[in-house]
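# Observations on the three-dimensional arrangement
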Amino acid sequence: MESMDLKNERNLSMLVDFYELTMSNGYYENGYADSVVYCDMFFRKNPDGASFSIVAGLQQFIEYIKNLSFSDSDIEYLRQKNIFNEEFLKYLRDFKFSGDIYAIPEGTVVFPNEPLVTVRAKVMEAQFIETMLLLSINHQSLIATKANRVVTAANGRVVMDLGARRGQGADAAILGARAAIIGGVSATATTITGKDFGVDIVGTMAHSWIQFFGDEYKAFEAYAKTYPDNCILLVDTYSVLKSGIPNAIRIAKEILEPMGKRLKGIRLDSGDLSYLSKKARKMLDENGLRDCKILASNSLDEFIIRDLVSQDAKIDIYGVGERLITAKSEPVFGGVYKLMAVEENGEIVPRIKLSENVEKVTNPGYKQVWRLFDKESNKAIADVITLADEVIDDSREYEIFDPVHTWKKKLVDNFYAKKLQVPVFINGECVYESPAVLDIKAYCIESVNSLWDEQKRFTNPQEYYVDLSSELWNLKNEMINKYS
């Protein structure tokens, strides 16, 4: 399994919200150390008004669980706060996760309110892991979702991640690039991500290379002689059309072609990319460089790329940086972690959270998620959240209904049902091996292709339905009536 060297240099066990420790100490002092609970991690809204998201970040959460232990210095730090029971601190010193975790695999298309990760564990164990679970899944799911939108906008053209220098810290750059690959990006400029996760890396030159030489042609010449097999020239340091492109053509004719090499590409990083790409394409073609690719960068996102494609810009490859690595248009995924049930005398007793905001009312109980697929087209029909012991029989018709507008009903037939969650930890032991990032990417493509095109629109996409089973819907309404 792939792993980051960085994880071996830091103990992240104290990466918790302080209330996770104070609550756990309270559970311990009140005699609930061995009480078992069920918690779900889910999100309430797709970013950017989309109809779906891409889940990512599970591998890093798994690594955290495997390495979860409190050091002597951690314990001493907490002891100095003078609020923790000494027996509780001893418990932390000997801590090892012993629960069960189920999760939807990375790269899967997911929707609001369905549990991405379900934790069954002793209450203190379930509490400790909240922050890192949310941190891992929220961040990478956000970037993978954004990357998928960017790649969709490019409509078959290559997209590269160039965002490391705009990432909010080292982990955001490294793991953001990983998530971008999962979402569909072809390569990243973040070298350590290439090393740690076995993905393609890219890079050419910066404007400083041309400035250093003081002469654009000499700068191009030095680069071409150094990298004749992969020569891509940045042509906008001075003037794209008056200097950059003419000098790039000269390099192709005077330096590369005599060596039996071809100019691989030119890069535009400023100006009107549609206009400049068309002019550049014409100049390159007139000089026998039809195979020379045109790359474009400069604060791109899915909306700008969509417009460039619709304007027939002659751009073959898009380099996307800050607006991808930070998901600038909506930089928070918004996943939450809620307690859904407690074991009492061997029985799973559901819990619910009510709110003045209807969308914040939770779906109680120990649950699982099913996806229904049409047998003929293999397209996804709907998702259904059921109680854990329910089985959807796909050999007969199944009725789905809108959980809010319950009069909206549909009988589904000729379908097959698939459970989305898989076991990750059982009794504290990891039973899941994370696939390679490129395998997750391939799986993500399949998952996105299971949706109809109407559900992939950027503007007013068709809604995909996530329904509740009748048993879960009845349970939820009984509990709402009980507690309200």
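Computed from a predicted model, the values in this text were never measured in an experiment. All chains use their own residue numbering, which begins from 1 and follows the written sequence. Local features are withheld for residues below a pLDDT of 70 in this predicted model, meaning they are given only at 70 or higher, and side-chain atom pairs are given and counted only at 80 or more; totals for whole chains, interfaces and linings count all residues. To obtain the side-chain values, all non-hydrogen atoms of the structure were used and water was disregarded.

### Focus: unusual backbone geometry
The phi torsion of most residues other than glycine is negative, and most of the peptide bonds are trans. Phi angles above zero are rare outside glycine, and N113 is one such case at about 75°. Positioned with a positive phi, A327 is a non-glycine residue whose angle comes to about 45°. With respect to the element layout, A327 can be found in the loop between α14 (322-325) and β12 (335-344). Look at A327 and you get buried, because its relative accessible area is 2%. Secondary structure elements are defined from DSSP: runs of H or I of at least 4 residues count as helices, runs of E of at least 2 residues count as strands, and each element is numbered from the N terminus. Think of it in three bands: with a 1.4 Å probe and only protein chains considered, a residue is buried below 20% of the maximum accessible area for its type, exposed above 50%, and partly exposed in between.

### Thoughts on the UniProt feature "domain: Nicotinate phosphoribosyltransferase C-terminal" (unreviewed entry) in the protein
UniProt positions are given in the numbering used here, feature names are shortened, and annotations may be inferred rather than shown by experiment. The residues that UniProt annotates with the feature "domain: Nicotinate phosphoribosyltransferase C-terminal" (unreviewed entry) are residues 367-476. Summarising residues 367-476: 18% helix, 35% strand, and an end-to-end C-alpha distance of 12 Å.

### Overview of the pattern of salt bridges
Every case where a carboxyl oxygen of Asp or Glu lies within 4 Å of a side-chain nitrogen of Lys or Arg is listed as a salt bridge. Using the criterion set out here, one finds 35 salt bridges in the structure. Note that K45 and E330 form a salt bridge whose closest N and O atoms lie 2.6 Å from each other. Of the two residues, K45 is situated in the loop between β1 (36-43) and β2 (53-54) and E330 in the loop between α14 and β12; the sequence distance between them amounts to 285 residues. Ionic pairing is found between D285 and R290, a salt bridge with its closest N-O pair at 3.6 Å.

### Re the nonpolar core
One broad rule of soluble globular proteins: the nonpolar side chains tend to lie buried together. One finds I101, I129, L233, L263 and I266 to be the most contacted residues of the largest nonpolar core, which totals 128 residues. Tallying contributions element by element places helix α6 (residues 130-154) first for this core, with 11 residues. In what follows, residue pairs with any heavy atoms lying within 4.5 Å of each other are defined as contacts. When neighbours within four sequence positions are excluded, L233 is seen to be in contact with M205, F220, Y223, A248, I251, L263, G265, I266 and R267. By nonpolar core is meant a set of buried Ala, Val, Leu, Ile, Met, Phe, Trp, Tyr and Cys residues that side-chain atoms within 4.5 Å join together. The next biggest cluster of nonpolar side chains, apart from the first, holds 10 residues, and it includes W370, I392, Y398 and A417.

### Structural notes on empty space enclosed by the protein
Rolled over the atoms, a probe as big as a water molecule pinpoints where empty space is left. Definitions used for this entry: grid spacing 1 Å over protein atoms alone; cavity, a set of points where a 1.4 Å probe fits but cannot get out; pocket, an open set with protein on both sides within 12 Å along at least 5 of 7 lines; lining residue, one with an atom within 4 Å of a point. Grid points are joined across faces, edges and corners, and a volume is the space filled by probe spheres set on the points. Applying the stated criterion to the full structure yields one cavity of 30 Å³ or more. Taken as a whole, the largest cavity spans an internal volume of roughly 80 Å³. Lining the largest cavity, in full, are A50, S51, F52, T145, N148, R149, T152, Q455, K456, R457 and F458. Partitioned by chemical class, the residues of the lining of the largest cavity number three nonpolar, five polar and three charged. Classification used: nonpolar for Ala, Val, Leu, Ile, Met, Phe, Trp, Tyr, Cys and Pro, charged for Asp, Glu, Lys and Arg, polar for all others including Gly.

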